[in-house]
Amino acid sequence: MEFYSNGKLLLTGEYVVLNGALSLALPTIYGQHLKVKNNPSNKIKWISYDNNEKIWFNCEFDKDNLEVIFSSSDKISDRLKKIITCIRTINTDFLKLNGSEIITKLTFNKNWGLGSSSTLINNLAEFAKIDPYYLNDKIFNGSGYDIACAESKSSLLYRLYDDKKEITKIDFNPSFKDKLYFVYLNKKQNSLDEIIDFKEKVNSKIGISEISEITKRIIICKDQSEFNKLIREHENIISELISKDKIKDKLFNDFNGEIKSLGAWGGDFILASSNEFETEKYFKNKGFNFIFEFDKVILN
């Protein structure tokens, strides 16, 4: 059996998506494969490959009690054990009936923050025939927008409302997309820690209506200068909300255009919007070499 899930980028609503803000989420061309094979052993053998076909993690569990027989990373095998245990609360026979070999393969660099965890959760949930949102809530307690992206073939609006998930598929294909770039900041941010910190510190009512309105305006925006104004407003609101400096002020204050953080601030990707011909050269001169055009990342 084989499964595949898309990665994700959150264009609007980072942090406040947890509290019900209408957010714009974009599934990516990049994602993760999962293949399951039966074997005659009494073990669950796990092998994870990166985007360069190299093994970055492997382990073995006893299939019945999930005792770790071998692991190249205790932290990751502990997380996998937690996931499998959670799945078995619903599907009691999951990976119990025979030995198994599970092979995962990322099509993106695992440090990019495009959803190595959410794509795995979605693949395993599909394999186990359980609700991926339930599994995601139990393991990560996030908003679930990344699970929505994992299953979607188009961009989407995502909102948590009255303990329900509202998902609306849309066609987000701005006319100025050739002037939009996604830039990796050479640092992976720990989303789980950011979620916990945000929930502990931030008033749940602040910023929701403002960000929701910006999201509505962005999806119908026809003009890049208006788009730049909207993402600047978005940055100002989130900066004040989480008490962190905007990434443009910190690293790119001489950039001719606008820059917006995507997801948890301080790492992973940013969005750069500029009319400058040498935008890619600008970021490379500052040591950021992973720069992608809109259509090279976003699934449409």
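Since the structure is predicted, the reported quantities are computational estimates derived from the model, not experimental observations.

Rules of the game
- Residues numbered from 1 in each chain as written.
- Predicted model: local features only at pLDDT ≥ 70, side-chain atom pairs only at ≥ 80, totals over all residues.
- Heavy atoms only, no water.
- Core = buried A, V, L, I, M, F, W, Y, C linked by side-chain atoms within 4.5 Å.
- Buried < 20%, exposed > 50% of the residue type's maximum accessible area, 1.4 Å probe, protein only.
- Contact = heavy atoms within 4.5 Å.
- Helix = DSSP H or I, 4+ residues; strand = E, 2+ residues; numbered from the N terminus.
- Expected span 1.5 Å × (residues − 1).
- Salt bridge = Lys/Arg side-chain N within 4 Å of Asp/Glu carboxyl O.
- Polar contact = N/O pair within 3.5 Å; in protein donor to acceptor, adjacent residues only side chain to side chain.
- Axes fitted to C-alpha atoms, helices over the stretch in contact; angles between N-to-C directions.
- Parallel < 35°, antiparallel > 145°, perpendicular 65-115°, else oblique.
- Left-handed = near helix turned anticlockwise from the far one by under 90°.

1. Thoughts on the nonpolar core
Membership of the largest hydrophobic core comes to 81 residues, with the highest contact counts inside it found for Leu-135, Phe-172, Phe-182, Phe-227 and Phe-269. Every residue in contact with Phe-172, bar those within four places of it in the chain, is listed here: Leu-11, Leu-24, Leu-26, Ser-155, Ile-218, Ile-219, Phe-227, Phe-294 and Asn-300.

2. Digging into helix α2 (residues 116-128)
Given a rise of 1.5 Å per residue, 13 residues ought to cover 18 Å, and the 18 Å separating the end C-alpha atoms of α2 matches this to within 8%. Here α2 lies mainly inside the structure; 10 of its 13 residues are buried. All buried positions along α2 are accounted for by Ser-118, Thr-119, Leu-120, Ile-121, Asn-122, Asn-123, Leu-124, Ala-125, Phe-127 and Ala-128.

3. Let's talk about unusual backbone geometry
A positive phi angle, close to 70°, is found at Tyr-15, a residue other than glycine. The residue Tyr-15 is located in the loop between β1 (2-10) and β2 (23-39) in this model. One non-glycine residue, Leu-66, lies in the positive phi region at around 60°.

4. Looking at the pattern of salt bridges
Counting across every chain of the model gives 15 salt bridges. Between Lys-165 and Asp-137 there is a salt bridge, with its nearest N and O atoms 3.9 Å apart. You can see Lys-165 sitting in strand β8 (residues 164-169) and its partner Asp-137 sitting in helix α3 (residues 132-139), a full 28 residues away along the chain. Between Asp-249 and Lys-246 there is a salt bridge; the shortest N-O distance is 3.9 Å. Judged by relative accessible area, Asp-249 falls into the partly exposed class, the value being 46%. Salt bridges sharing partners connect three or more residues here, namely Arg-217, Glu-226 and Glu-233.

5. A few points about the side chain of Thr-12
Turning to its location among the elements, Thr-12 is positioned in the loop between β1 and β2. There is a polar contact of 2.9 Å between the side chain of Thr-12 and the backbone nitrogen of Leu-24. Polar contacts involving the side chain of Thr-12 include one to the side chain of Thr-215, which spans 2.7 Å. Setting aside anything within four residues of it in sequence, one finds Thr-12 in contact with Leu-22, Ser-23, Leu-24, Thr-215, Ile-218, His-234 and Lys-260.

6. Here we look at the packing of helix α6 (residues 208-218) against helix α7 (residues 224-242)
Running from N to C, α6 and α7 point in directions that differ by 160°, and their axes come no closer than 10 Å. Comparing the axis directions of α6 and α7 gives the class roughly antiparallel. Remark: the crossing between α6 and α7 carries left-handed chirality. Residues Glu-210, Ile-211, Ile-214, Arg-217 and Ile-218 of α6 pack against Glu-226, Phe-227, Leu-230, Ile-231, Glu-233, His-234, Ile-237 and Ile-238 of α7.

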